Number of protein chains: 4
Amino acid sequence: MGIRERTWEIVEAGKPGDTASRVFDITILTLILLNVVASIAGTVQSVHERWGELLEAFETISVVIFTIEYLVRMWSCVTSPRFSRPISGRIWHSLQPISIIDLLAILPFYLPFVGIDLRSFRVLRLFRIFRVAKIGRYYSTLNVITDVIRSKREELVLTSILMSFLLVISASLLYYCENAAQPELFSSIPATMWWSVTTLTSVGYGDMYPVTVLGKLCASVIAILGIGMFALPTGIIGAGFIEAIAKKKEQQQVCPHCGKEIH
Amino acid sequence: MGIRERTWEIVEAGKPGDTASRVFDITILTLILLNVVASIAGTVQSVHERWGELLEAFETISVVIFTIEYLVRMWSCVTSPRFSRPISGRIWHSLQPISIIDLLAILPFYLPFVGIDLRSFRVLRLFRIFRVAKIGRYYSTLNVITDVIRSKREELVLTSILMSFLLVISASLLYYCENAAQPELFSSIPATMWWSVTTLTSVGYGDMYPVTVLGKLCASVIAILGIGMFALPTGIIGAGFIEAIAKKKEQQQVCPHCGKEIH
Amino acid sequence: MGIRERTWEIVEAGKPGDTASRVFDITILTLILLNVVASIAGTVQSVHERWGELLEAFETISVVIFTIEYLVRMWSCVTSPRFSRPISGRIWHSLQPISIIDLLAILPFYLPFVGIDLRSFRVLRLFRIFRVAKIGRYYSTLNVITDVIRSKREELVLTSILMSFLLVISASLLYYCENAAQPELFSSIPATMWWSVTTLTSVGYGDMYPVTVLGKLCASVIAILGIGMFALPTGIIGAGFIEAIAKKKEQQQVCPHCGKEIH
Amino acid sequence: MGIRERTWEIVEAGKPGDTASRVFDITILTLILLNVVASIAGTVQSVHERWGELLEAFETISVVIFTIEYLVRMWSCVTSPRFSRPISGRIWHSLQPISIIDLLAILPFYLPFVGIDLRSFRVLRLFRIFRVAKIGRYYSTLNVITDVIRSKREELVLTSILMSFLLVISASLLYYCENAAQPELFSSIPATMWWSVTTLTSVGYGDMYPVTVLGKLCASVIAILGIGMFALPTGIIGAGFIEAIAKKKEQQQVCPHCGKEIH
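Parameters and conventions
Residues numbered from 1 in each chain as written. Chains lettered and ligands numbered in written order. Predicted model: local features only at pLDDT ≥ 70, side-chain atom pairs only at ≥ 80, totals over all residues. Heavy atoms only, no water. Helix = DSSP H or I, 4+ residues; strand = E, 2+ residues; numbered from the N terminus. Buried < 20%, exposed > 50% of the residue type's maximum accessible area, 1.4 Å probe, protein only. Contact = heavy atoms within 4.5 Å. Core = buried A, V, L, I, M, F, W, Y, C linked by side-chain atoms within 4.5 Å. 1 Å grid on protein atoms, 1.4 Å probe; cavity = no way out; pocket = protein on both sides within 12 Å on 5 of 7 lines; lining within 4 Å. Points joined across faces, edges and corners; volume = space filled by probe spheres on them. Nonpolar A, V, L, I, M, F, W, Y, C, P; charged D, E, K, R; others polar. Salt bridge = Lys/Arg side-chain N within 4 Å of Asp/Glu carboxyl O. Expected span 1.5 Å × (residues − 1). Bend = angle between axes of the 7 residues up to and from the residue. Axes fitted to C-alpha atoms, helices over the stretch in contact; angles between N-to-C directions. Parallel < 35°, antiparallel > 145°, perpendicular 65-115°, else oblique. Left-handed = near helix turned anticlockwise from the far one by under 90°. Phe/Tyr/Trp six-rings, centres within 6.5 Å; stacked < 30°, edge-to-face > 60°. Patch = residues over 30% accessible without salt bridge, like charges linked within 9 Å, V, L, I, M, F, W, Y side chains within 5 Å. Areas by Shrake-Rupley, 256 points an atom, 1.4 Å probe, with all protein chains shown as cover. pLDDT = per-residue confidence, 0-100. Polar contact = N/O pair within 3.5 Å; in protein donor to acceptor, adjacent residues only side chain to side chain. Disulfide = S-S within 2.5 Å.

(A) Layout of the overall build of chain A. When helices and strands are tallied, chain A shows ten helices and zero strands. Starting at the N terminus, the α and β elements of chain A follow one another as α-α-α-α-α-α-α-α-α-α. Across the 263 residues that make up chain A, the buried fraction comes to 46%. Within chain A, counting contacts between residues at least 6 apart in sequence, those at least 24 apart form 60% of the total.

Right, here's the structure in full:
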């Protein structure tokens, strides 16, 4: 086995019993975790003043390591049958969701002029924890949840469309009711949409609320419809979980006495 | 085929492969979408000042197109067997929900003295998207959701009745508890109903809340009962979705005694 | 049939086709509805000033009618086999929930010194609507809902106990965290319980919230546990509805081909 | 039977018909209940001023009783086969959750310098109510609920992980959006996490909310995702309850091929 093959095994495959791969995985994961904590803590003024330089040094070192890891992955990925072609295979590999997240984690460091700091998105890289810990249990449970959400994709997309319609209509209604009474708060339909979101999700900060009788009447109906916004996705997802369980059972139902399958 | 038949085919039926009908559908849908966006954006002061005349011109043009479309639909609908009689068929057609929405979308333009601007209700016309995109998948999913809600109509109506009773009782209770302490906020039972709605739906803006010990005690019980207001419809709708799935499965079930299918 | 028997038939039994009973039912129901509306409207200052005397007169007349109805019911109830004994039968009848509600609706008028006005509780008498309208559909649906809640009584009682424990613990925690920083708001554990209720039910008026770091940490955990307070009863009630549907099906499942029951 | 065996029977086992054990249980339970009420009431200023000394005396007496009970339990537990060894058995007994709660209830009295008052945690000791009242019904229902939560442990842990990721990401996003506009409120990512919690749980106190357009846009998406935070655990727990019911039913199911029971 060549160095490239071995490298790929270490950075990606992680066969059980491969100590080098396991050590590598845990090291990178710890580094990611520390990085997330550091980038969060670094925004606190007192921490920044006291530990700012240390945090920046740590940031630089870890980005260098992440960059090397990314390049090593790119270099060695061609040993995998999925990405075997030198150019198109590597492009395909770099378009994998996990590679895009990895790139987003290091790119802002080289492009400081972009402005938006994506470091805290590194939290997404922590999803690797499922791979590292080899906790198949959690991994299969994650699959169950994503399968349920995927199997109910259409219902959830439709609920989102209904929600956005409700959002537009409720914002329009309240704008016409409240604009005269509170011209500064309910200044336009887009501004009133913020009120719609906080009401339909039942957050209700209290920065915007109707004061006219008509506005309160409309808002009451909208707030009650907001309960439906909870009931629909909850009912859909609940039904999805029950279906998933039923499917799993159907595959295995065998009478323990005669050994025949029970459909 | 006469012009009237062909026109009806284009504006309504939309057979697969009928390019003219498809182009017509997409054009109208795009116009509706742009109209909704324009009527929302037009309420923003800065947009109105800069683009006001353009938006008004666009509004006038699209209402003219919508009016022509509405009249063409009315003229040609008699070729459909459902609306074949010249007068009663056209009246029946104009009472279809989709025709009423279409009318509401153009009428306010001709009746500016009505006062309430219904333009943003045009968002409802966007439901046509399901017809245009021929995405039977989404259309059948929409049917599943509406079927579930329809099959649980009685339970949901009853829950609404229970909710309105709870609303009246809680508003009365809080009025008697808080009127003395906050005579301006809790000025009457109808005024206190606004508090009831924001509490039972758990929105809680914070513009009205009890300050007396008795009021807080009553409000606590009401807020906890408000959780039931979520639990009941959610449970009902969830059960509805599971029933719908079970029904679908039953269509392929066979009787274990005679082996025939059970519909 | 004596007058007493016929009277009982009119005020209580309501056989189909009995016009007198039906007219009586609708009259009383309309009177109750008008009474509820009047007692709510009467709390509005402007309505009270303008229509106050009229509302009071209407109130007096309807209480007289309700009292007569109550006494007539008491007089004639002995013709029913359930309440046939002159004294113990009438006491038993007066202890029926519906009789207690009827009494509560008229008693405060004769005991004005009691102070608390129970008129708006007359809304409960509107439950008769199910009897009057003879809408068996809604009545049986109401039974389904109450059956589900009754069959899950123990789970719901237990959830309530868990909730009250969570309420006490969270109030104690926040009191110790916030008392020093906000001695006036978080003045005692009972006072902090108001915060617990508004947070666990996710109402969040914003009249009380933690400001210390420790208080915010504890409140975060409590708010997230509050989600469980929604999830548990919703899951329980949802399961109850599904069980109720399954039971109903089991009673009727017969193969349409061979006529045998399918368990 | 020696004194130690009899003592253990009274303080722990509680055979049906054992009056001494029953009286002991009810006495201790009443004392716990009174203690919780006293420690809550004692934080109210007016109660403290008037009844302070009485409450303190009651506190001292009950802690003495609780301490004696704890020591008696420790002394006699070796008669149980589970804790039969003099030293390791007693250590094992003192590590039982119920023993730890008992210790936490008395320890703070002897260690006043610890600072945090854990008296209100005594509410946890009220769980004994299930044992005392011998209400097997409620006890088995409690088992059903804990079984459901345990059987869905992995899904719930995973949902918690997803929630904490969402918490970190949403706090980071809002920090970058709002820090410039509200530097005092959105001062750092950890500070913004408080906003994330109140929004994702839909509590929304209104002490922190975005004011910039970009911040409101992000917050809208986050608030809507917050609905998913309700939908997922609710769906999972609902499915768990339905599974639990199905399992119970299966125990009486027979195989349609051989007629034997399937466990």
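(B) Structural view of the environment of Gln182 of chain B. Residue and element names in this part refer to chain B. Its place among the elements puts Gln182 in the loop between α8 (153-178) and α9 (189-200). Under the relative-accessibility criterion, Gln182 is labelled buried at 15%. Between the alpha carbons of Gln182 and Leu34 there is a distance of 48 Å; along the sequence they are 148 residues apart. In this structure, Gln182 is in contact with Tyr209, Pro210 and Val211, ignoring residues within four places of it in sequence.

(C) Layout of the nonpolar core. Of all hydrophobic cores here, the largest spans 76 residues; its most connected members are Trp195 of chain A, Trp195 of chain B, Trp195 of chain C together with Trp195 of chain D. Beyond its immediate sequence surroundings of up to four residues, Trp195 of chain C is in contact with Ser170, Leu174, Phe186, Met208, Tyr209, Pro210, Ala219 and Ile222 of chain C together with Tyr205 of chain D. The next biggest cluster of nonpolar side chains, apart from the first, holds 52 residues, and it includes Ile145 and Ile242 of chain B, Ile237 of chain C together with Leu232 of chain D.

(D) Highlighting empty space enclosed by the protein. Evaluated as defined, the whole model comprises six cavities of 30 Å³ or more. Empty space within the largest cavity amounts to approximately 150 Å³. Taken together, 20 residues line the largest cavity, and the ones lying closest to its centre are Gly238 of chain A, Gly238 of chain B, Gly238 of chain C together with Thr234 and Gly238 of chain D. Secondary structure elements with two or more residues in the lining of the largest cavity: α10 (213-252) of chain A, α10 (213-250) of chain B, α10 (213-250) of chain C together with α10 (213-250) of chain D. Taken together, the residues that form the lining of the largest cavity break down as eight nonpolar, twelve polar and no charged. For the second largest cavity, the calculated volume is near 90 Å³. If you go around the second largest cavity, the residues you meet are Phe230 and Thr234 of chain A, Phe230 and Thr234 of chain B, Phe230, Ala231 and Thr234 of chain C together with Phe230 and Thr234 of chain D. Where the lining of the second largest cavity is concerned, the elements lending two or more residues are α10 of chain A, α10 of chain B, α10 of chain C together with α10 of chain D. Of the residues forming the lining of the second largest cavity, the biggest block, three residues, is contributed by α10 of chain C. Residue classes in the lining of the second largest cavity are distributed as five nonpolar, four polar and no charged.

(E) Structural view of the pattern of salt bridges. Residues and elements named next belong to chain C. The full count for this structure, using the stated rule, is 16 salt bridges over all chains. Between Glu9 and Arg6 there is a salt bridge; the shortest N-O distance is 2.8 Å. On the criterion of helical spacing, the pair formed by Glu9 and Arg6 is a turn pair, its members being three residues apart in helix α1 (residues 3-13). Using a relative accessible area of 15% as the deciding quantity, one classes Glu9 as buried. With relative accessibility at 29%, the residue Arg6 sits in the partly exposed group. Note that Lys152 and Glu243 form a salt bridge whose closest N and O atoms lie 2.8 Å from each other. You can see Lys152 sitting in the loop between α7 (136-151) and α8 (153-178) and its partner Glu243 sitting in helix α10, a full 91 residues away along the chain.

(F) Examining helix α5 (residues 97-110) of chain B more closely. All names here are of chain B. Relative to the 20 Å expected for 14 residues at 1.5 Å per residue, α5 spans 20 Å between its end C-alpha atoms, a close match to the ideal helical length. Where α5 bends most, at Leu104, the angle is about 30°, and the proline Pro108 comes one to four residues later. Regarding α5, the residues found buried are Ser99, Asp102, Ala105, Ile106 and Pro108. Structurally, α5 contributes buried residues whose contacts are with α3 (45-76) and α4 (88-94).

(G) Just unusual backbone geometry, in detail. In the Ramachandran plot, Ser202 of chain A falls in the positive-phi region, its phi being about 60° despite a non-glycine side chain. Along the chain, Ser202 of chain A falls in the loop between α9 (189-200) and α10.

(H) The packing of helix α3 (residues 45-76) of chain C against helix α5 (residues 97-110) of chain C, seen in detail. All names here are of chain C. Packing of α3 against α5 brings their axes to within 10 Å, and their N-to-C directions diverge by 135°. Here α5 runs oblique to α3, going by the angle between their axes. Note that α3 runs across α5; the crossing there is left-handed. Within the contact between the two elements, α3 uses Glu59, Thr60, Val63, Phe66, Thr67, Tyr70 and Arg73 and α5 uses Ser99, Asp102, Leu103, Ile106, Phe109 and Tyr110.

(I) Quick look at the side chain of Thr7 of chain C. Residue and element names in this part refer to chain C. Position of Thr7 relative to the elements: it lies in helix α1. Here Thr7 falls in the buried class, since its relative accessible area comes to 16%. Residues in contact with Thr7, not counting those within four places in the same chain, are Val72, Trp75 and Ser76.

(J) Spatial organisation of the packing of aromatic side chains. Enumeration according to the criterion identifies twelve aromatic pairs over all chains in this entry. Summarising the aromatic geometry, the rings of Tyr205 of chain A and Tyr209 of chain D are spaced 5.9 Å apart at their centres and angled 40° between planes, so their arrangement reads as tilted. In this pair, Tyr205 of chain A sits in the loop between α9 and α10 while Tyr209 of chain D sits in the loop between α9 (189-200) and α10, so the two residues belong to two different chains. In this structure Tyr205 of chain A comes out as buried when scored by relative accessible area, which is 4%. Residue Tyr209 of chain D is classed as partly exposed on the basis of its relative accessible area of 25%. Ring geometry for Trp194 of chain D versus Tyr205 of chain D: centroids 5.9 Å apart, planes at 20°, classification stacked. In this pair, Trp194 of chain D is assigned in helix α9 and Tyr205 of chain D in the loop between α9 and α10, connecting sequence segments eleven residues apart. Like Trp194 of chain D, the residue Tyr205 of chain D is buried in the burial classification. Three or more aromatic residues joined by ring pairs form one cluster here, namely Trp194 and Tyr205 of chain A together with Tyr209 of chain D.

(K) Spotlight on a nonpolar patch on the surface. All names here are of chain A. Together, Ile87, Ile91, Trp92, Leu95, Ile100 and Leu104 give the surface a local cluster of nonpolar side chains, amounting to about 610 Å² of exposed area. The set of elements that each furnish at least two residues to the nonpolar patch consists of α4 (88-94) and α5 (97-110). Residue position: Ile100 is located in helix α5. On the basis of relative accessible area, Ile100 is assigned to the partly exposed category, the value being 37%.

(L) Focus on the confidence of the model for chain A. The share of residues in chain A with pLDDT of 70 or more is 81%, and the mean pLDDT across the chain is 80. For chain A, helix α6 (residues 129-132) of chain A is the element with the lowest average pLDDT, namely 53, and α9 of chain A is the one with the highest, namely 92.

(M) Structural context of the environment of His93 of chain C. Residue and element names in this part refer to chain C. Here His93 lies in helix α4 (residues 88-94). A relative accessible area of 4% places His93 in the buried class. For the pair His93 and Leu111, spaced 18 residues apart in the sequence, the C-alpha separation amounts to 22 Å.

(N) How the structure looks around the side chain of Arg73 of chain C. Looking at the secondary structure, you find Arg73 of chain C in helix α3. Polar side-chain contacts of Arg73 of chain C include one of 3.4 Å to the backbone oxygen of Val11 of chain C.

(O) How the structure looks around the packing of helix α2 (residues 19-41) of chain C against α3 of chain C. Residue and element names in this part refer to chain C. Between α2 and α3, whose axes approach to 10 Å, the crossing angle comes to 145°. Crossing handedness for the pair α2 and α3: left-handed. Of α3, the residues touching α2 (which contributes Phe24, Ile28, Leu31, Ile32, Leu34, Asn35, Ala38 and Ala41) are Val47, Leu55, Phe58, Glu59, Ser62, Ile65, Phe66, Glu69 and Arg73. Here the residues of the contact of α2 with α3 sort into twelve nonpolar, two polar and three charged.

(P) Inspection of α9 of chain A at higher detail. Residue and element names in this part refer to chain A. Between its terminal C-alpha atoms α9 stretches 16 Å, which fits the 16 Å expected from twelve residues at 1.5 Å a residue. Counting buried residues along α9, nine of its twelve residues qualify, which places the element largely inside the surrounding structure. All of the buried residues in α9 are Ile189, Thr192, Trp194, Trp195, Ser196, Val197, Thr198, Thr199 and Leu200. Phi turns positive one or two residues past the end of α9, at Ser202, with a value near 60°.

(Q) Geometry of the state of the cysteines. Residue and element names in this part refer to chain B. For the coordinates displayed, the defined rule picks out zero disulfides over all chains. Between Cys218, a cysteine without a disulfide, and Cys177, which holds the nearest cysteine sulfur, the sulfur-to-sulfur distance is 3.8 Å. Given a relative accessible area of 17%, Cys218 falls into the buried group.

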